Amino acid sequence: MINDELIQEIGEASLPEAIRIVSGLFPDSTVFSSSLGQEDQVLTDVIFRNDMPVRVFTLDTGRLFGEAYELYDRIVARYKKPVQVFFPDAADVEQFVTEKGMNSFYESVENRKGCCYIRKVKPLNRALEGAKVWITGLRADQSANRENMPLIEWSEEKQLYKFNPLINWSLDDVLDYLKEFNVPYNPLHDKGFISIGCAPCTRAIEPGEDARAGRWWWESSQKECGLHSSVVKVAS
Ligand code: ADX
Ligand code: SF4
């Protein structure tokens, strides 16, 4: 059980200590979902270099950038540890694209959410089976939706603790870490891509644009895919 006192202790700890404390409480059931984005590369580095008892996985939607697939291989070569890959259900994708077309997400929010559900949300639920702690790379200043996300929260729906160890990190903190520890990252980050998701749904942003402006840019709001929208209450 993670109580307020422990949450305070975790909040005051360094990043490796914080992950060590939490994964030590649930050594066989702590998982980390990596999108292979820059925040997640910080966490991958901490987890793998310190041999933390954390299962690392990524959701391969089938529509990622080539650079993301190349990075995946670089990560495995560098750390020599497994990053478990979860694919969408083949029958789901076959039916969806046969009925709606390859790029139907541009046509309606409903189609876009349907695609995200099949390619991300359902595989995430499968990846989280048996987990008691789900570590993410969410940061509060990424978007208004994330501003009030806590360090640790209990998900009634998923019946696990969601742990966001970078919640109070700035983008500069992330970049400094990657540089200091020479961590591999997606080269698209150096080309104006701050937040990277699927290739057809992500574009580079201009200076001064919102960090998530390049995600589903043709939609006016709702810059979330559903992975993080159905949470929860603060753990107590
Ligand atoms: S998203 O909801 O818009 O797609 P974002 O790309 O900001 O999320 O990433 C936030 C966190 O969600 C990541 O730090 C990671 O924990 C998780 N995440 C997002 N996409 C993936 C993915 N393809 N595979 C695994 N985890 C992911
Ligand atoms: Fe589909 Fe785009 Fe969502 Fe990826 S981000 S799952 S391609 S709608």
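The sections below set out a description of the structure shown in this document. (Residues numbered from 1 in each chain as written. Chains lettered and ligands numbered in written order. Predicted model: local features only at pLDDT ≥ 70, side-chain atom pairs only at ≥ 80, totals over all residues. Heavy atoms only, no water.)

## Focus: the pairing of strand E6 (residues 160–163)
Here comes step 1: Alternating residues of E6 divide into Leu160 and Lys162 and Tyr161 and Phe163, and every residue in both groups is buried.
Here comes step 2: With three bridges connecting them, strand E4 (residues 133–135) and E6 associate as parallel partners. For Ile135, the partnering residue across the bridge sits in E6 and is Phe163.
Here comes step 3: As consecutive antiparallel partners, strand E5 (residues 152–155) and E6 are separated by four residues, and within that stretch Gln159 has a phi angle of approximately 55 degrees, a positive value. (Buried < 20%, exposed > 50% of the residue type's maximum accessible area, 1.4 Å probe, protein only. Helix = DSSP H or I, 4+ residues; strand = E, 2+ residues; numbered from the N terminus. Pairing = 2+ DSSP bridges.)

## So, helix H4 (residues 66–79)
Here comes step 1: The end-to-end C-alpha separation of H4 is 20 Å, in line with the 20 Å expected for 14 residues at 1.5 Å each.
Here comes step 2: Taken together, the buried positions of H4 are occupied by Ala68, Leu71, Tyr72, Ile75 and Tyr79. Summarising the axial view, the buried residues of H4 lie within an arc of 110 degrees, below the 170-degree limit, and thus occupy one face. For H4, the exposed residues set more than 90 degrees away from the buried face come down to Glu70 and Asp73.
Here comes step 3: Where H4 is buried, its residues contact helix H3 (38–49), strand E2 (55–59) and strand E3 (84–86).
Here comes step 4: Immediately downstream of H4, the backbone of Lys80 shows phi near 55 degrees, a positive value. (Expected span 1.5 Å × (residues − 1). Arc of directions from axis to C-beta. Contact = heavy atoms within 4.5 Å.)

## Comments concerning the packing of aromatic side chains
Here comes step 1: For the structure on display, the rule yields twelve aromatic pairs.
Here comes step 2: With centroids separated by 4.9 Å and ring planes inclined at 75 degrees, the aromatic side chains of Phe105 and Tyr106 adopt a geometry described as edge-to-face.
Here comes step 3: Take Tyr106: its relative accessible area is 37%, and that puts it in the partly exposed class.
Here comes step 4: Ring centres of Tyr177 and Phe181 lie 4.6 Å apart, and the angle between their planes is 35 degrees; this geometry places the pair in the tilted category.
Here comes step 5: We classify Tyr177 as buried; its relative accessible area is 10%.
Here comes step 6: We classify Phe181 as partly exposed; its relative accessible area is 30%.
Here comes step 7: One aromatic cluster is present, formed by Phe105, Tyr106, Trp217 and Trp218 through successive ring pairs.
Here comes step 8: The ring of Trp216 has Arg112 lying over it, and the distance from NZ or CZ to the ring centre is 4.4 Å. (Phe/Tyr/Trp six-rings, centres within 6.5 Å; stacked < 30°, edge-to-face > 60°. Lys NZ or Arg CZ within 6 Å of the ring centre and 35° of its normal.)

## Some thoughts on the pattern of salt bridges
Here comes step 1: Applying the stated criterion to the full structure yields eight salt bridges.
Here comes step 2: Asp45 is paired through a salt bridge with Arg49; the nearest N and O atoms lie 2.8 Å apart. Of this pair, Asp45 and Arg49 both sit in helix H3, separated by four residues, roughly a single helical turn.
Here comes step 3: With relative accessibility at 0%, the residue Asp45 sits in the buried group.
Here comes step 4: For Arg49, a relative accessible area of 44% corresponds to the partly exposed category.
Here comes step 5: If you follow the salt bridges from partner to partner, you end up with Glu39, Arg139 and Asp141 in one network. (Salt bridge = Lys/Arg side-chain N within 4 Å of Asp/Glu carboxyl O.)

## Thoughts on the site of ligand 1
Here comes step 1: Around ligand 1, a shell composed of 18 residues is seen, among which Ser33, Asp40, Arg146, Arg212 and His228 lie nearest.
Here comes step 2: Within the side chain of Arg212, a nitrogen or oxygen atom sits 2.7 Å from an oxygen atom of ligand 1.
Here comes step 3: Out of a free accessible area of 530 Å², ligand 1 has 95% covered by protein chains.
Here comes step 4: Among the detected pockets, ligand 1 sits in the largest cavity.
Here comes step 5: In terms of residue class, the shell around ligand 1 is made up of five nonpolar, seven polar and six charged. (Near = heavy atom within 4 Å. Polar contact = N/O pair within 3.5 Å; in protein donor to acceptor, adjacent residues only side chain to side chain. Areas by Shrake-Rupley, 256 points an atom, 1.4 Å probe, with all protein chains shown as cover. 1 Å grid on protein atoms, 1.4 Å probe; cavity = no way out; pocket = protein on both sides within 12 Å on 5 of 7 lines; lining within 4 Å. Sits in = over half its atoms within 2 Å of the grid points. Nonpolar A, V, L, I, M, F, W, Y, C, P; charged D, E, K, R; others polar.)

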